[in-house]
Amino acid sequence: MRIVIAEDDPLLREGLALLLRAEALDVVATAGTPGEALDAIDGHGPDVAIFDVRMPPTHTDEGIVAAVEARRRRPGLAVLVLSAYVEQSFATELLTGGVSGLGYLLKERVGRVEEFLDALRRVADGGTAIDPEVVAQLFTRSHQDTRLDRLSPREREVLALMAEGLGNTAIAERLVVTEGAVHKHIRNIFAKLDLAPTDRVDRRVAAVLRYLEDPRRPA
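Caption draft 1: Focus on the overall build of the protein chain. From N to C terminus, the protein chain includes 10 helices and six strands. Taken over 219 residues, the protein chain has a buried fraction of 48%. Restricting to contacts in the protein chain with at least 6 residues of sequence separation, those with at least 24 account for 66%. Summed over all atoms, the accessible surface of the protein chain reaches about 10400 Å², with 51% contributed by carbon and sulfur.

Caption draft 2: Focus on the side chain of H185. By secondary structure assignment, the location of H185 is in helix α9 (residues 179-192). Those residues in contact with H185 that lie beyond four places of it in its chain are R154, E155 and V158.

Caption draft 3: Examining the sheet that holds strand β6 (residues 128-130) more closely. Strand order in the open sheet formed by six strands is β2-β1-β3-β4-β5-β6, with parallel pairing between adjacent strands. Strand pairing shows two members of the sheet lacking a second neighbour, β2 (26-31) and β6, which therefore form its edges. Direction aside, the axes of adjacent strands within the sheet are offset by 20 degrees on average. Across five bridges, strand β3 (residues 48-52) lies against strand β4 (residues 78-83) in parallel orientation. Looking at the pairing, F51 lines up with V81 of β4.

Caption draft 4: Broad picture of the packing of helix α7 (residues 153-164) against helix α8 (residues 168-175). Running from amino to carboxyl end, α7 crosses α8 at an angle of 130 degrees, the nearest separation of the two axes being 10 Å. Classified by the angle their axes make, α7 and α8 are oblique. Like other packed secondary-structure pairs, α7 and α8 cross with a definite hand, here right-handed. In this structure, α7 contributes R154, E157, V158, L161, M162 and E164 to the contact, and α8 contributes I171, R174 and L175.

Caption draft 5: Representation of the pairing of β3 within the structure. Burial runs high along β3: five of the five residues are buried. Burial along β3 is two-sided: the face carrying V48, I50 and D52 and the face carrying A49 and F51 are both buried. Note that strand β1 (residues 2-6) and β3 share four bridges and pair parallel. Within β3, the position partnered with I5 by the bridge is I50.

Caption draft 6: Seen up close, the pattern of salt bridges. Counted according to the given criterion, the structure contains 14 salt bridges. The salt bridge involving E69 is made with R72; its shortest N-O contact spans 2.7 Å. With E69 and R72 both in helix α3 (residues 62-73) and three residues apart, the pair spans about one turn of that helix. In this structure, E69 engages R73 in a salt bridge whose closest nitrogen and oxygen atoms are separated by 2.8 Å. Placement of the pair is E69 and R73 together in helix α3, with a separation of four residues, close to one helical turn. One salt-bridge network, in which partners are shared between bridges, spans D42, E69, R72 and R73.

Here is what the cut-offs are and how they apply
- Residues numbered from 1 in each chain as written.
- Predicted model: local features only at pLDDT ≥ 70, side-chain atom pairs only at ≥ 80, totals over all residues.
- Heavy atoms only, no water.
- Helix = DSSP H or I, 4+ residues; strand = E, 2+ residues; numbered from the N terminus.
- Buried < 20%, exposed > 50% of the residue type's maximum accessible area, 1.4 Å probe, protein only.
- Contact = heavy atoms within 4.5 Å.
- Areas by Shrake-Rupley, 256 points an atom, 1.4 Å probe, with all protein chains shown as cover.
- Pairing = 2+ DSSP bridges.
- Axes fitted to C-alpha atoms, helices over the stretch in contact; angles between N-to-C directions.
- Parallel < 35°, antiparallel > 145°, perpendicular 65-115°, else oblique.
- Left-handed = near helix turned anticlockwise from the far one by under 90°.
- Salt bridge = Lys/Arg side-chain N within 4 Å of Asp/Glu carboxyl O.

What follows is the structure in structure tokens.
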């Protein structure tokens, strides 16, 4: 796994690099600005890019903008975004470009090394890893979508775990139920969210995006 790290805090940047190299992962470059990060991605062709959300010069959304640009330049590039806070519109901006190979974690998760490495590997394998705290906060804020009100408490649990990036087997293990029960809950979720089968839309992705949708975001 070849990795580029984009983080303006030099202590965190080097700490991440040391952590990943200790796990025998190949950190091919580190960058302190979005421009340096994009240059490193163009030059090294990594499998995964780790981006801080708030980077120079304004420390607002430069990291997200660079992450979106990196995925545009290199389709299939896995991106793991780190943020000190839940950045609601930033999360949905990334997700609307497709959830494959995408992670969004709070920085505090890095200290839980096994969880962080598991999320990184999941993203590198083309999966999704959304921080449970991000999911919880975004779900609370997305309550204006009345279709979500149709879901039972258990169906909301299942959808929350889907939003974290867990597959059906992992959801079943987390909730201590059978995979058949999980399949049934997901079918119900699709029905209650008015997600009919279609060749053009992945209903699982559509359900997660609806779940993470920011109702206050301008159209």
